[in-house]
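# An overview of the molecular structure
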Amino acid sequence: MKLILLQRDIGLINRLMPMLTTMLCVIASVVPAHLPAFTVVTPAFPLMAIYHWTLYRPDLLPFVAVFAVGLLLDMLTAAPLGVSSLVLLLAYALVLGQREHLLMRPFTVVWVGFLVLAAAASALQWVVVSLFYGMLIDVRAFLFQGVLTVATYPVVSYLLVRVQRTLLMRA
Amino acid sequence: MLRLSMPMRAAAQRLALPFLIILSVALIVLGKADILLIERARTDLNDALAPVFELIAQPVNVVASGVRRFQDHFTVYEENTRLREENARLLQWQGVAQRLGTENEELRQMLHFTPQGVRGYITGRVIANSGGAFLRNVLVDVGERQGVERGQAALGGEGVVGRVSEVGSRAARVLLLTDLNSRVPVVLEDTRERAVLAGDNTSRPRLLYLPEKSAVQVGDRVVTAGSGGIFPPGLPVGAVSSIDGGVVRVEPESELSRLEYVRIVDFGLSGSVLPQSAIPAPKPSRAGRRQADPEIDTRP
């Protein structure tokens, strides 16, 4: 009886993994890295986690979790509250709609899919933020962040696949 | 957990997306009004997460300093030569500074001048930075407990890096000069022309409201003006780096993108700083007059 309960609990922790790793990505994106490449902007780690989990385990990452991750990100960076939630929710919906075209495909295809998503997310973010401040904001930082995000995706994706393989096989 | 029947759950899931999207948009619109509640929630969250950030920052710092040490090995010879030259130059300056210090002291005594005293420096470590595409701020691990107040100036190694925009009990946020919302009254050191240094999401903020026939030149040093009551006068900010069709840009003295520590300066001026929400509405009120007071002392 106890053993079954324990197993169920492990199952619960495993099933929380997508949310936990996404939260971890939020924290990773605000920790000062002091590395030359990441000094001005850091890659959008949360977007990578959301893309990954929406593709492979959308059942374990509900809309509410995505919304909460966006809120947390905005709170931590002092961004206008709601901007990241909006961008991440729309990204989630977009990926969910295109899932079947990306599943079981070689990594290059998945990567290109992420490139499209990152570009769309950066563009949307730029539009929303420009509307919020009522001016056209310099786009270079957005472009740079987009490029950095796409470039670092393989590494994060590898780590998330490891988490998925070791913890989520049974869940 | 709420137990719902399958069709109900499916319906809830379908409705959740439009509902949450509308909620996000509503939050963005609400945020336009600078609601105090949101800010308080933010400082509370920062306070709660500060220990977590400190915990994470430690191993990251170890790795980063390891990388730097490795890189330094290759440049140690050049660096040594450069430092030796710089040291010789600085020793000369030290002599000059001592002489000027004595002279300054004597002249002050003659004039019965009381300088605006620095009450103290509070050194904080950067524990998080916004890193986003349109935000330039950092979180430091000092707060109200250490005496940090909103509006105080933050200095990096060489000069002003920004000002404190939010304070929690153990963490504070510093809005950097390059942030879209940053406005700092400055003065050109040589010509004494006043301007406002405005961040615009690039690494080099712009000078606004310079006089029309300004004599500004590339390389001119920019220091704080002391008007507006936020910063004390004369703190080094940076140097004019380009003048391009009326757009004057300033290279900040401190490297803003690589801040590890900041010094928050308590000049005893914070009493005159208005809450952020009151700043965009300038009215000829008593508060406005009080704000302008420090200006008088700085006129040469």
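What you see is a predicted model; the values in this text were computed from it and never measured.

Conventions we followed
- Residues numbered from 1 in each chain as written.
- Chains lettered and ligands numbered in written order.
- Predicted model: local features only at pLDDT ≥ 70, side-chain atom pairs only at ≥ 80, totals over all residues.
- Core = buried A, V, L, I, M, F, W, Y, C linked by C-beta atoms within 7 Å.
- Buried ≥ 20, exposed ≤ 12 C-beta atoms within 10 Å, placed from the backbone.
- Helix = DSSP H or I, 4+ residues; strand = E, 2+ residues; numbered from the N terminus.
- Domains from an automatic or database assignment.
- Contact = placed C-beta atoms within 7 Å.
- Nonpolar A, V, L, I, M, F, W, Y, C, P; charged D, E, K, R; others polar.
- Pairing = 2+ DSSP bridges.
- Axes fitted to C-alpha atoms, helices over the stretch in contact; angles between N-to-C directions.
- Expected span 1.5 Å × (residues − 1).
- Left-handed = near helix turned anticlockwise from the far one by under 90°.

### Things to note about the nonpolar core
- Val140, Val161 and Val174 of chain B are the most contacted members of the largest nonpolar core, which has 102 residues in total.
- The element that contributes the greatest number of residues to this core is helix 3 (residues 63–77) of chain A, accounting for nine residues.
- The residues that make up this core include at least three from each of domain 1 (34–114) and domain 2 (116–271 + 285–300) of chain B.
- Beyond its immediate stretch of four places on either side in the chain, valine 161 of chain B contacts Ala154, Leu155, Gly156, Val174, Leu176, Leu177, Ser254, Leu256, Leu259 and Val262 of chain B.

### A few points about the domain arrangement of chain B
Residues and elements named next belong to chain B.
- What the domain assignment reports for chain B is domain 1 (34–114) and domain 2 (116–271 + 285–300).
- Taken together, the contact pairs 10 residues of domain 1 with 11 residues of domain 2.
- A breakdown of the residues in the side of domain 1 that touches domain 2 according to their chemical character gives three nonpolar, two polar and five charged.

### Overview of the environment of phenylalanine 134 of chain B
- For phenylalanine 134 of chain B, the location among the structural elements is in the loop between strand 1 (120–129) and strand 2 (137–140).
- Sequence separation of phenylalanine 134 of chain B and asparagine 201 of chain B is 67 residues, and the distance between their C-alpha atoms is 6.0 Å.
- Once residues lying within four places of it in the same chain are set aside, the contact partners of phenylalanine 134 of chain B are Val129, Ile137 and Ala141 of chain A together with Leu180 and Asn201 of chain B.

### Regarding the sheet that holds strand 2 of chain B
Residues and elements named next belong to chain B.
- Read around the barrel, six strands follow the order 1-2-5-4-3-12 and close on themselves; strand pairing throughout is antiparallel. Ignoring which end each strand starts from, the neighbouring axes of this sheet average 45° apart.
- In the packing of helix 2 (residues 36–111) onto the sheet, contacts are made with strand 1, strand 2, strand 4 (160–167) and strand 5 (172–176), and the angle to strand 1 comes to roughly 80°.

### Considerations on the sheet that holds strand 11 (residues 247–252) of chain B
- Strand order in this closed barrel of six strands is 6-7-8-11-10-9 (chain B), and the pairing throughout is antiparallel. Going across the sheet, the axis of each strand differs from the next one's by a mean of 45°, ignoring polarity.

### Considerations on unusual backbone geometry
All names here are of chain A.
- For methionine 104, which is not glycine, the phi dihedral falls at a positive 55°.
- The residue methionine 104 is located in the loop between helix 5 (99–102) and helix 6 (107–133) in this model.
- Its 7 C-beta neighbours within 10 Å are what place methionine 104 among the exposed residues.

### Some remarks on helix 3 of chain A
Residue and element names in this part refer to chain A.
- Between its terminal C-alpha atoms helix 3 stretches 21 Å, which fits the 21 Å expected from 15 residues at 1.5 Å a residue.
- Taken together, the buried positions of helix 3 are occupied by Phe63, Val66, Phe67, Val69, Gly70, Leu71, Leu72, Leu73, Asp74, Met75, Leu76 and Thr77.
- Just beyond helix 3, the residue with positive phi is alanine 78, at close to 60°.

### Re helix 6 of chain A
Residue and element names in this part refer to chain A.
- Counted at 1.5 Å a residue, the expected span for helix 6 with its 27 residues is 39 Å, and the 38 Å between its end C-alpha atoms agrees.
- Residues Val110, Phe114, Leu117, Ala118, Ala121, Ser122, Gln125, Trp126, Val128 and Val129 constitute the buried set of helix 6.
- Positive phi shows up at glycine 134, right after helix 6, with a value of about 65°.

### What about the interface of chain B and chain A?
- Taken together, the contacts link 38 residues of chain B with 38 residues of chain A.
- Looking at the side of chain B that touches chain A, the elements that each hand over two or more residues are helix 1 (6–31), helix 2 and strand 1 of chain B.
- Residue classes in the side of chain B that touches chain A are distributed as 21 nonpolar, 11 polar and six charged.

### Observations concerning the packing of helix 3 of chain A against helix 4 (residues 83–97) of chain A
Residues and elements named next belong to chain A.
- With their axes 7 Å apart at the nearest point, helix 3 and helix 4 run at an angle of 145° to one another. Read as a crossing pair, helix 3 and helix 4 show a hand that is right-handed. When helix 3 is examined against helix 4, the residues Phe63, Val66, Phe67, Val69, Gly70, Leu71, Leu73 and Asp74 are found in contact with a partner set consisting of Val83, Ser84, Ser85, Leu88, Leu89 and Tyr92.
- Classifying every residue of the contact of helix 3 with helix 4 by side-chain character gives 10 nonpolar, three polar and one charged.

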